[in-house]
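# Structural description and commentary
Below are the chains, spelled out letter by letter.
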2 protein chains.
Amino acid sequence: MNGNGPSRLVDPLEDPLPGVGTYEDFNTIDWVREKSKDRDRHREITNKSRQSTMALLRRISDAFSGWLLMLLVGLMAGAVAGGIDISAHWMTDMKGGVCLQGFWFNHEHCCWLSNETTFQERDRCPQWKSWAELITGTSEGAFAYVVNYMMYIFWALIFSFLAVILVRAFAPYACGSGIPEIKTILSGFIIRGYLGKWTLIIKTITLVLAVSSGLSLGKEGPLVHVACCCANILCHLFTKYCKNESKRREVSRVYFLYLCVHLSLLQVSYYFPLKTLWRSFFAALVAAFTLRSINPFGNSRLVLFYVEFHTPWHLIELAPFILLGIFGGLWGALFIKANIAWCRKRKTTRLGHYPIIEVLVVAMLTAVLAYPNSYTRMSGSELISELFNDCSMLDSSQLCSYKQQANMSEPGVDNSLAGPGLHTALWQLALALVFKMMITVITFGMKVPSGLFIPSMAVGAIAGRLLGIGMEQLAHHNRDSVIFKGWCSAEAECIMPGLYAMVGAAACLGGVTRMTVSLVVIMFELTGGLEYIVPLMAATMTSKWVADAFGREGIYEAHIRLNGYPFLEPKEEFEHSSLAVDVMRPRRNDPALAVLTQEGMTVGEVESTHYSGFPVVVSSESQRLVGFVLRRDLLISIDNARKRQDGIVSASQVLFTEHAPSLPDAPPPLRLRCIMDLSPFTVTDHTPMDITVDIFRKLGLRQCLVTHNGRLLGIITKKDILKHMAQMANRDPDSILFN
Amino acid sequence: MNGNGPSRLVDPLEDPLPGVGTYEDFNTIDWVREKSKDRDRHREITNKSRQSTMALLRRISDAFSGWLLMLLVGLMAGAVAGGIDISAHWMTDMKGGVCLQGFWFNHEHCCWLSNETTFQERDRCPQWKSWAELITGTSEGAFAYVVNYMMYIFWALIFSFLAVILVRAFAPYACGSGIPEIKTILSGFIIRGYLGKWTLIIKTITLVLAVSSGLSLGKEGPLVHVACCCANILCHLFTKYCKNESKRREVSRVYFLYLCVHLSLLQVSYYFPLKTLWRSFFAALVAAFTLRSINPFGNSRLVLFYVEFHTPWHLIELAPFILLGIFGGLWGALFIKANIAWCRKRKTTRLGHYPIIEVLVVAMLTAVLAYPNSYTRMSGSELISELFNDCSMLDSSQLCSYKQQANMSEPGVDNSLAGPGLHTALWQLALALVFKMMITVITFGMKVPSGLFIPSMAVGAIAGRLLGIGMEQLAHHNRDSVIFKGWCSAEAECIMPGLYAMVGAAACLGGVTRMTVSLVVIMFELTGGLEYIVPLMAATMTSKWVADAFGREGIYEAHIRLNGYPFLEPKEEFEHSSLAVDVMRPRRNDPALAVLTQEGMTVGEVESTHYSGFPVVVSSESQRLVGFVLRRDLLISIDNARKRQDGIVSASQVLFTEHAPSLPDAPPPLRLRCIMDLSPFTVTDHTPMDITVDIFRKLGLRQCLVTHNGRLLGIITKKDILKHMAQMANRDPDSILFN
């Protein structure tokens, strides 16, 4: 084995050294290299398949393994999501009481089992006991109220404490929504363990706890992280995927699962082939179906909120819709600014040292303030459902307590005058709006799993519903004015407050996340018709424009920047006139670029270098570029050669040339052409930076060399570009932390 | 003016020479250059806007001009589409008869105006006279039938003759569907006049004529071409768009208008920013709304066919759905092969010399064979609507003539046994299937505007409906068998033949065009629910796999290749192991690459060159690359210099350097650094071709230079790559015709 060392090193493609071609933690992968590797593999299998039936079978199984993997990912992610749904539902209800038939039933299931209740009274069934009833024996009176209140706070504290403790102890990566990190990982960054099994287990458990604790957070974002963990773990079953970083990322694009099925059509990244899109769509669908069949008490639909409106909207209503868009945009911009300021404070001051106390204080505050108001006491998704729904005749909700005329079933009678119940509801909603807006800012970013979709949508839905009811009353009182006369006849309902709630939710979600088109498509799926796409478009476009006026970043991009991840935003255009020569290293007055020459350097000289990668040139005088080699690969190879190959000492020559005479009296040379990248990317020094940024973005480069008239001049890495962009935007260039 | 000639030439950015930076017909544009130009423009406006209010206003209007343009495009395209719809409807009806109240009413409108008719008899109203009634006075009997038959053929011949004559005489580019050419144009190819006003006018008129003549063609594809013409023409209103080839292409991406609204989410091209997607979505929506408000008799929906199904599908039904997928795939592959063979024959044999006779013969054949069968006599979209619909109790269609039990309104009674009417319908449908399959092959590609969506969908819908009815009868007769027992109870309809028709249509459309995901999204829009996405996905995926086994190209790609357009398919992966050095020119034994040196060449030498572009090197010995210059720009600049600048003769030196001493006794030198591209793209000779193809595709390059150890070695153009790919696939490399 030791004897034929040199010949082994000459053709390492057949059996590459372990470690060569891998990456360190917190580094960026080279997409071109990874893709190339995969193509080589594919080519080899295709060629072999012509030789034997066995190899042909292997080729076929290889081709289908992608689909099989996606099926498994879909099944697993759907199952986990279903489990989270059921558990969170049960534990949320547990804060209010317990089922006598069995503590493992949630409220709805418990009451559904006891057949005595009618449709109207489903909320109150004898089997379900509130904590006050269990403890004091009665559910009436101030004392019972206080007992229930206390139990609510008690459970909220227990759940949130467990959540933060588990995250701290076992999987620090399980906190937050995970979407900023996943965006960065998908763009090629490496964070070991971020999509691992511990993160999956702990995130699943703590997500249930965090949601149940009543904190103002949603579970959609973390579910995406959970699904990505499933994808990454299942990758290990298939050799094709476990060895290739870019292939694994393709699988992790199941990213937009569940709620995000349709986002998948839009989150267009340059690195991924179209096939990936189609596969992730398939996986998301499988997951949605799995979820549906697991959760028999959930709604039997594949969308989050399903509403049907029966009244068309009128052109004049565009004015309030655009108002909602402005509100959404302002709220989005304000939220991002406030949340980032708060998170930065947490990072830089002593506040960050007490995450457990922080979570407990916020949970306490949330529980104390939320309980008295029925709209904040219910969970976020219940609230949104209620706000989206339009009132029908039989609706017992407070939001639908209009003054009823004598003969309520007669269609000609007008029922849209607000009653006292509705007035109370309006006050409660207004308070809920203020509360949700405040508490969400300090909740998002704490050390528990937390999503942002539901809280943002809730804020928008409340604002929209308020405006909708306002418009309705305005129309009622001015039925004969010029504006309302044509379309608000006495017979028909002319304004649907539910539609306003939906438009408001879309506007706020758009303001916070800035994913306008996608959003419209999602929301339009929700309504199940193209009829309401114009209101949604008007509101989300306004919201985006307004929010963009205060800063172009969405909340996820802002968090990426806060954490200093190396992420090249695909949307942002580079609009400055700098050239490659202005960005490259070495700067004008710095020492020359560290290069290796293709012959004449010794092992000792090579080992004593410091940078993470080196261009290889013909000679120091000509500076003509031959290739590029990574320090990590260099060191691994030298190390290996010292162990296996006789006579490799510090004085041995390192050769990157194809053929070189080995001098008779010198130690045997070390040939390393095989680990050199023979096709490094180059641009000329006069290349405008906008083109360079485009190249980095579209090809997924890690570094690029700069030449002038054919001579090597410098190097530009992804980090250099991000630093330059930060500088151009008057931000601190040192905020970019990783490679 | 003449005196300061040289200084003018030094900074041509301020006032570029007319012609420099433009392209010749049938050439490919350089995306990087065009994008760069637009960014420069944008930067200039932004900088100026800080100086004065006027300039700020100009900046704002510049920013909004994109949206305004899209609004106008939407309005215009929608209006044209509406006009085409109305005219085609009227003229199609005219083949059958005329309205007495006014010849300009179509059948439906005519009968709608005469209030006497009931719902059942709307087809027969006294105001509408068939030609037999007008000429012979009676609508009964064999003679009247023959008269109607003859008039039908007569009008078909008149319409098709007019269509082909108009296309031949005024706008040869108006024929075909236009989608292959538009795909190529959007990828950067230049065909002058293809999106011009004459093409628009003639295509609009001849499309109406072609559709009305009863030929087996649809209008969706040509409508896309018409919309692109609108976009291109309206571009001239805005300076931002009329000067920049890549900006104009952005606008023309309204490409997928109307039917293709949702395709827009998927036809992801690398060159276009995300903003374009969102804008074209907006334009498509405007167009759809315009179309709807123009065409009051059309359906008031935004999708082509709207159907609602009320019965869920059963897992066992996946088997027939997959069968439909196999049928769709086979038919798609067969259709492409047959159609391309026929089109190649037309191109290479004498058949191509008589396009008018060809159209007349096919129109005659179509009319003669189509009239006797009611399913081929009706238009393609009517046929599809009828096949998609499920039978309700009141349906008078032949497809719904089931044997009715005594008490038909009672829900418990089974009505799914086929009656004699249905048996006739089955025979007619089977004949229609064979006829449509045959005639579409020879129709698509004739010198009239012709789309393929409707004919493909019709074939699939017929096949699907036939299979659906077959399944229904099978279920009826085997109600108690193991398979059907669980879900086909006697009370409910268990199989919906309409759903089968829809699945079949999706499978065939997928087999022919290969746009699977997009297709599922469209079709799923049609049904308005996620419930039926699984059958559609199963069928279209099967169809794609089956069709791909016979050849990976869709019909549009096949036509692009047939015509030799330079189009780099974004889907196709390059899977061979060749290197850049194998593809570049000059080949191994060819003479060296023609280069210019940066100094030392004379005007005369430069003018006597032949290639369309030249690398500029430091010196012939070093071969170190400085830049790249296009022959067209060179000649224009020299020409201009001879006219304006004194002393430029053939012996004058051409200088590409920044500073060079002008020799005292020589004629003044011509400085041309300003027209040189200082940042040409380079790859090394060892770069694998798969990476090179990726670079060309993602950056939209026109050419790329090849270096070895810093010395210039050769050049690779888009045409070289396409030729190489053709060679690798064992096709004729000379089939690539253009640059």
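Because the structure is a prediction, the values reported are computed rather than measured.

### Side note on the overall build of chain A
- If you tally the helices and strands in chain A, you get 28 helices and 11 strands.
- For chain A, with 739 residues in total, the buried portion stands at 57%.
- In chain A, of all internal contacts separated by at least 6 residues, the share reaching a separation of at least 24 is 71%.
- For chain A, the accessible area works out to roughly 31400 Å², and carbon and sulfur atoms hold 61% of it.

### Concerning the sheet that holds strand S4 (residues 601-602) of chain A
All names here are of chain A.
- Read from one edge to the other, the open sheet built from 3 strands follows the order S4-S7-S8, with strand pairing classed as mixed. Of all strands in the sheet, those bounded by a partner on one side alone are S4 and strand S8 (670-671).
- Sheet topology note: the strand S7 (residues 653-655)/S8 ladder contains 2 bridges and is parallel. Looking at the pairing, leucine 655 lines up with arginine 671 of S8.

### Here we look at the pattern of salt bridges
Residue and element names in this part refer to chain A.
- Here the structure, examined in full by the defined rule, presents 31 salt bridges over all chains.
- Its salt-bridge partner being lysine 129, residue glutamate 133 comes within 3.7 Å of it at the nearest N-O pair.
- Relative accessible area serves as the criterion here: at 25%, glutamate 133 is assigned to the partly exposed category.
- For glutamate 557, the salt bridge goes to lysine 183, with nearest N and O atoms at 2.6 Å. Note that glutamate 557 is positioned in helix H23 (residues 555-563) and lysine 183 in helix H7 (residues 179-186), a separation of 374 residues in sequence. By the burial criterion, glutamate 557 is buried, and lysine 183 matches it.

### Side note on the pairing of strand S5 (residues 613-617) of chain A
Residues and elements named next belong to chain A.
- Here S5 lies mainly inside the structure; 5 of its 5 residues are buried.
- Judged by which residues are buried, S5 turns out to be covered on both faces: Gly613, Pro615 and Val617 on one side and Phe614 and Val616 on the other are all buried.
- Bridging between strand S3 (residues 596-597) and S5 involves 2 bridges; their strand directions are parallel. Bridge assignment links leucine 596 to a residue of S5, and that residue is valine 616.
- For S5 and strand S6 (residues 625-630), the ladder comprises 5 bridges, and the chain directions are antiparallel. Residue pairing for S6: glycine 613 is matched across the bridge by leucine 630.

### Considerations on the state of the cysteines
- Evaluated as defined, the whole model comprises 2 disulfides over all chains.
- A:Cys99 shares a disulfide with A:Cys110; S-S distance 2.1 Å. As the torsion about the S-S bond is roughly 80 degrees, the A:Cys99-A:Cys110 disulfide counts as right-handed. One end of the pair, A:Cys99, is in strand S1 (residues 97-99); the other, A:Cys110, is in helix H4 (residues 107-113), and 11 residues separate them in sequence. Comparing A:Cys99 with A:Cys110, the two get one shared label, buried.
- B:Cys230 provides the cysteine sulfur closest to B:Cys229, a residue in no disulfide bond, and the two sulfurs are 6.9 Å apart.

### Side note on the packing of aromatic side chains
- Summed over the entire model, instances satisfying the criterion amount to 30 aromatic pairs over all chains.
- Between B:Tyr145 and B:Tyr149, the ring centres sit 6.1 Å apart and the planes meet at 70 degrees, which makes this aromatic pair edge-to-face. Taken together, the residues B:Tyr145 and B:Tyr149, both in helix H6 (residues 141-170) and 4 residues apart, mark about one turn of the helix.
- Judged by relative accessible area, which is 36%, B:Tyr145 ranks as partly exposed.
- An aromatic cluster of at least three residues, connected via ring pairs, comprises A:Trp90, A:Phe103, A:Trp104 and A:Phe105.
- Note that A:Arg377 overlies the ring of A:Tyr371, its terminal NZ or CZ placed 4.2 Å from the centroid.

### Looking at the environment of A:Met496
- For A:Met496, the position within the fold is in the loop between helix H19 (482-485) and helix H20 (497-513).
- Between the alpha carbons of A:Met496 and A:Cys391 there is a distance of 8.6 Å; along the sequence they are 105 residues apart.

### Details of unusual backbone geometry
- With an omega of -5 degrees, the peptide bond between A:Arg585 and A:Pro586 qualifies as cis.
- Note that A:Pro586 resides in the loop between helix H24 (580-583) and S3.
- Positive phi, close to 60 degrees, is recorded for A:Asn730, a residue that is not glycine.
- Its location among the elements puts A:Asn730 in the segment after helix H28 (718-728).
- Even without glycine at this site, B:Gln623 takes up a positive phi of about 55 degrees.
- Its location among the elements puts B:Gln623 in the loop between strand S5 (613-617) and strand S6 (625-630).

### With respect to a positive patch on the surface
All names here are of chain A.
- Taken together, the side chains of Arg168, Arg344, Lys347 and Lys447 make up a positively charged region of the molecular surface.
- Tracing the backbone through its elements, the reader meets arginine 344 in helix H13 (residues 318-348).
- With a relative accessible area of 43%, arginine 344 lands in the partly exposed category.

### Considerations on the side chain of B:Ser456
All names here are of chain B.
- Mapped onto the secondary structure, serine 456 falls in helix H18 (residues 453-477).
- By relative accessible area, serine 456 is classed as buried at 3%.
- Looking at serine 456, its side chain comes within polar contact range of the main-chain oxygen of leucine 452, at 2.6 Å.
- Leave out the neighbours within four places in its chain, and serine 456 touches Cys508, Leu509 and Val512.

### Digging into the packing of H18(B) against helix H20 (residues 497-513) of chain B
Residues and elements named next belong to chain B.
- Interaxial distance between H18 and H20 falls to 6 Å at its minimum, and their mutual angle equals 140 degrees. Classed by the angle they form, the pair H18 and H20 counts as oblique. Between H18 and H20 lies a crossing of right-handed hand.
- Taken together, the residues of the contact of H18 with H20 sort by class into 14 nonpolar, 6 polar and 2 charged.

### Regarding the confidence of the model for chain A
All names here are of chain A.
- Averaged over chain A, the pLDDT score is 80; the fraction of residues at 70 or greater is 80%.
- pLDDT under 50 marks residues 1-15. Its contacts with residues more than four places away, or in other chains, come to 14 contacts.
- Long-range and interchain partners of residues 405-413, a stretch whose pLDDT sits below 50, account for 9 contacts in this model, where long-range means more than four residues apart.

### Topic: the side chain of A:Asn339
- Along the polypeptide, A:Asn339 turns up in helix H13.
- In terms of polar contacts, A:Asn339 uses its side chain to reach the side chain of A:His559, at 2.9 Å.

### So, the environment of B:Arg587
Residues and elements named next belong to chain B.
- Structurally, arginine 587 can be placed in the loop between helix H24 (580-583) and strand S3 (596-597).
- Residue class for arginine 587 comes out partly exposed when judged on its relative accessible area of 41%.
- Linking arginine 587 and glycine 714, residues 127 residues apart in sequence, is a C-alpha distance of 8.6 Å.
- A polar atom in the side chain of arginine 587 sits 3.4 Å from the backbone oxygen of methionine 584.

### Overview of the environment of B:Pro180
- If you trace the backbone, B:Pro180 turns up in helix H7 (residues 179-186).
- C-alpha of B:Pro180 to C-alpha of B:Tyr565: the two residues are 385 residues apart in sequence and 9.0 Å apart in space.

### Considerations on the sheet that holds S6(B)
All names here are of chain B.
- The 3 strands lie next to each other as S3-S5-S6, forming an open sheet whose pairing is mixed. Edge positions in the open sheet fall to S3 and S6, since each of these has one partner strand only.
- The sheet contacts of helix H26 (residues 631-644) involve S3, S5 and S6, and relative to S6 the element is tilted by about 75 degrees.

### Side note on the packing of H20(B) against helix H22 (residues 533-550) of chain B
Residue and element names in this part refer to chain B.
- Two numbers describe how H20 lies on H22: the axes approach to 8 Å, and their chain directions differ by 30 degrees. In terms of their interaxial angle, H20 and H22 are classed as roughly parallel. Of the two elements, H20 crosses H22, and the hand of that crossing is right-handed. Contacts between H20 and H22 involve Met502, Val503, Ala506, Ala507, Gly510 and Gly511 from the first element and Pro535, Leu536, Ala539, Thr540, Ser543 and Ala547 from the second.
- Residues that form the contact of H20 with H22 fall into these classes: 8 nonpolar, 4 polar and no charged.

### What to know about helix H9 (residues 220-235) of chain B
- For H9(B), spanning 16 residues, the distance from its first C-alpha to its last is 23 Å, which sits close to the expected 22 Å at 1.5 Å a residue.
- Within H9(B), 15 of the 16 residues are buried, leaving the element largely enclosed by the surrounding structure.

Rules and cut-offs
Residues numbered from 1 in each chain as written. Chains lettered and ligands numbered in written order. Predicted model: local features only at pLDDT ≥ 70, side-chain atom pairs only at ≥ 80, totals over all residues. Heavy atoms only, no water. Helix = DSSP H or I, 4+ residues; strand = E, 2+ residues; numbered from the N terminus. Buried < 20%, exposed > 50% of the residue type's maximum accessible area, 1.4 Å probe, protein only. Contact = heavy atoms within 4.5 Å. Areas by Shrake-Rupley, 256 points an atom, 1.4 Å probe, with all protein chains shown as cover. Pairing = 2+ DSSP bridges. Salt bridge = Lys/Arg side-chain N within 4 Å of Asp/Glu carboxyl O. Disulfide = S-S within 2.5 Å. Phe/Tyr/Trp six-rings, centres within 6.5 Å; stacked < 30°, edge-to-face > 60°. Lys NZ or Arg CZ within 6 Å of the ring centre and 35° of its normal. Patch = residues over 30% accessible without salt bridge, like charges linked within 9 Å, V, L, I, M, F, W, Y side chains within 5 Å. Lys, Arg positive; Asp, Glu negative; His and termini not counted. Charge placed at Lys NZ, Arg CZ, Asp CG, Glu CD. Polar contact = N/O pair within 3.5 Å; in protein donor to acceptor, adjacent residues only side chain to side chain. Axes fitted to C-alpha atoms, helices over the stretch in contact; angles between N-to-C directions. Parallel < 35°, antiparallel > 145°, perpendicular 65-115°, else oblique. Left-handed = near helix turned anticlockwise from the far one by under 90°. Nonpolar A, V, L, I, M, F, W, Y, C, P; charged D, E, K, R; others polar. pLDDT = per-residue confidence, 0-100. Expected span 1.5 Å × (residues − 1).

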